[in-house]
Amino acid sequence: MHRIAFETLGCRLNQAETAILQSRFVARGYALTDDPLDADVFVLHTCTLTRHAAARCRRRLRHVIKRNPAACIAAIGCHAQTDAAELAAIPGVDYVVGTADKLRLDEIIATPARQARAVVMNGAAPRTPFTVTGAGYDPFHTRANLKIQEGCDFACAFCIIPRSRGRARSREFDDLVREARELAQRGHREVILTGVNIGTYHEGGRTLADVISALEDTDGIERIRISSIEPTTIAAAVLERMAPGGKLCPYLHVPAQSGDDGVLRAMRRHYDAAEYLRFMREAIERVPGIGLGTDVIVGFPGEDEAAFQRSCDVVMSLPFVNVHVFSFSPRPRTSAWAMAGAVAPREIARRSDRLHRIARARQHETYASRAGCELRVLFEQSSGGGVHTGFSDEYIRVETTSPVDLRNRLLRVQTGGVHAEPGSGLLCLRGRVDDTPRGTHSNVHHGEIEIEV
């Protein structure tokens, strides 16, 4: 039996695709291992969003090749699509497979074998609706990522994704429902809808709201979560489905990218700061208790101190539970690559550090406002001493103690105070499960599931 190890860098969509590939290789008789040095095949799912991400991919490949020179090495995904020649030139890389072909990797590597010269496949993907063979069952995680959309037509000035993943296209409706049903049968109780620009989903007259409705009717799916979604693509019907107690989690991760109108125009975003704030406040009003997340880019060309402060003001003005701060990284073949007004790296680092601290304080305030509340939590991890962590519907991290393994159990938890996890420093709310959960050990790895709410 051949052993195969996957390592995924980058976005949640990459994770969804890795899970699909893992399942397909297992169906062909491979054994999964999480140790690249113990693998006959090592697959690196690459990211090219920033220069640092691309450089990290190349370093990781060289590291594994040096320590496991006998393994068959495949680099797949976005960096393989945009910079195939650069990856193929790394001694020891056997396959470089871009976005159009990577989900056929199990067919491409039917039998592990070193190649005298790297096999490169990075053709363009068609714009037609697509299907996905198999299901992305993930034995290592409780929540499952469900890919419903691919590519993007928005062409933001800083983004290379349209070059790495192509133009926008949607997954065939019946096919994604079929996968969701299989994921539930394998023990996943939460699915996360993923894609590059999922709010633009449109296939056979159906929209994202129709996808949500179909999954709400799928037996075994207890929670549906929307991944990152553009503010101009969120339909009123989606907010209506976030009623408390329903399957669609009351959480939206909506990238702001900047709080300054001049910077937003230079970025080619499709809204201004006032429109962004108006939408977010409407979501808060229409969905009581909603959790909010966002992305902010620091140091975009032309961003002066006043523009940066406006981004800080946006973060401080909304009850975010999650804020991703990105330092601007110019990418070749994007409009921002040659823009005037570059911000000095030291200044970008200073602004990034300041916004990180502001975001942390805002997250702490939002968490504290939920102390003393009852939250519905899907527990994901168990550690020594009976400590269990998971996320609420609103994407608030919660920790509790129990002598019973709570993994993959959906429970109501009475929350206490805010706590920083030792080592990681991640914030969480400490909570208490009123009664010891009934039933036997519940583990997504074996499909033994018991949901108690």
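So, a few notes on the structure that sits alongside this text.

Here strand β17 (residues 374-383) runs beside strand β20 (residues 410-420); their pairing, made up of 5 bridges, is antiparallel. By the bridge assignment, V377 is partnered in β20 with L411. Note: β17 against strand β18 (residues 387-392), 6 bridges, orientation antiparallel. Within β18, the residue paired with Q381 across the bridge is T389. Where β17 folds back onto β18 in an antiparallel hairpin, the turn is made up of 3 residues, including G385, whose phi is positive at roughly 80°.

Let us now look at the packing of aromatic side chains. Two measures describe an aromatic ring pair: the distance that separates the ring centres and the angle between the ring planes. Following the criterion strictly, the structure yields 7 aromatic pairs and no others. Note on F6 and F25: the rings are 5.8 Å apart at their centroids and 65° apart in plane angle, and the pair reads as edge-to-face. Here F6 is found in strand β1 (residues 3-8), whereas its partner F25 is found in helix α1 (residues 12-27), with 19 residues between them in sequence. What makes F6 buried here is its relative accessible area of 15%. Over the ring of F130 we find K147, and its NZ or CZ is 5.2 Å from the ring centre. It is R206 that lies over the ring of F173; its NZ or CZ is 4.2 Å from the centre.

Moving on, we come to unusual backbone geometry. Note on backbone geometry: most residues besides glycine have negative phi, and most peptide bonds are trans. Unlike most non-glycine residues, R333 shows phi in positive territory, near 70°. Counting through the fold element by element, R333 comes out in the loop between β16 (320-327) and α13 (345-369). Of note in the backbone geometry, N408 takes a positive phi value of approximately 65° without being a glycine. With relative accessibility at 0%, the residue N408 sits in the buried group.

Below, the discussion takes up the sheet that holds strand β7 (residues 144-147). Taken in spatial order, the 3 strands line up as β7-β10-β13 in an open sheet, and their pairing is parallel. Each having just a single partner strand, β7 and β13 (223-226) make up the two edges of the open sheet. Ignoring strand direction, the axes of neighbouring strands in this sheet form an average angle of 30°. Here helix α7 (residues 173-185) sits on the sheet and contacts β7 and β10 (190-194); the angle it forms with β7, its principal contact strand, is near 170°.

Moving on, we come to the nonpolar core. Nonpolar side chains in soluble globular proteins tend to be buried together. The biggest cluster of nonpolar side chains holds 66 residues, and the ones touching the most others in it are L193, I226, L252, Y276 and L355. Setting aside anything within four residues of it in sequence, one finds Y276 in contact with P231, V254, P255, A256, Y271, T294, V314, L318 and F320. Residues L9, F42, L44 and A80 belong to the second largest nonpolar core, which totals 20 residues.

What follows covers the state of the cysteines. Per the counting criterion, the structure on display carries 0 disulfides. Between C72, a cysteine without a disulfide, and C57, which holds the nearest cysteine sulfur, the sulfur-to-sulfur distance is 18 Å. In this structure C72 comes out as buried when scored by relative accessible area, which is 2%. Free of any disulfide, C249 has its nearest cysteine sulfur in C373, 17 Å distant. Given a relative accessible area of 1%, C249 falls into the buried group.

In this section: the layout of surface pockets. In this model, the second largest pocket occupies a volume close to 370 Å³. Around the second largest pocket sit 19 residues that line it, and T99, A100, L103, F130 and T131 are the ones nearest its centre. Each residue belonging to the lining of the second largest pocket can be placed in one class, and the counts come to 7 nonpolar, 4 polar and 8 charged.

How each quantity is defined
Residue positions are given per chain, counting from 1 as you read along its sequence in written order. It should be noted that, the model being predicted, local features are given only for residues of pLDDT at least 70 and side-chain atom pairs only at 80 or more, the latter also being counted only at that level, while totals for whole chains, interfaces and linings use all residues. To obtain the side-chain values, all non-hydrogen atoms of the structure were included, while hydrogens and water were left out. Being paired, for any two strands, means DSSP has found at least two bridges between them. Numbering of helices and strands runs from the N terminus; a helix is a DSSP stretch of H or I covering at least four residues, while a strand is a stretch of E covering at least two. Side-chain rings of Phe, Tyr and Trp, where Trp is taken by its six-membered ring, are said to pair if the distance between their centres is within 6.5 Å; with planes under 30 degrees apart they count as stacked, over 60 as edge-to-face, and otherwise as tilted. Relative accessibility under 20% of the residue-type maximum defines a buried residue, over 50% an exposed one, and the middle range a partly exposed one, all with a 1.4 Å probe and only protein chains included. By definition, being over a ring means that NZ of Lys or CZ of Arg is both within 6 Å of the ring centre and within 35 degrees of the ring normal. Interaxial angles span 0 to 180 degrees and are taken between N-to-C directions of axes, which are lines fitted to C-alpha atoms, for helices over the stretch in contact. Contacts are assigned to residue pairs with any non-hydrogen atoms lying within 4.5 Å of each other. Put simply, a nonpolar core is a bunch of buried Ala, Val, Leu, Ile, Met, Phe, Trp, Tyr and Cys residues held in one set by side-chain atoms that sit within 4.5 Å of each other. Disulfides are defined in this document as cysteine sulfur pairs within 2.5 Å. Lining residues are those with an atom within 4 Å of a point, where the points come from a 1 Å grid over the protein atoms alone and group into cavities, where a 1.4 Å probe fits but cannot get out, or pockets, open sets with protein on both sides within 12 Å along at least five of seven lines. Grid points are joined across faces, edges and corners, and a volume is the space filled by probe spheres set on the points. Each residue gets one label: Ala, Val, Leu, Ile, Met, Phe, Trp, Tyr, Cys and Pro are nonpolar, Asp, Glu, Lys and Arg are charged, and the others, such as Gly, are polar.

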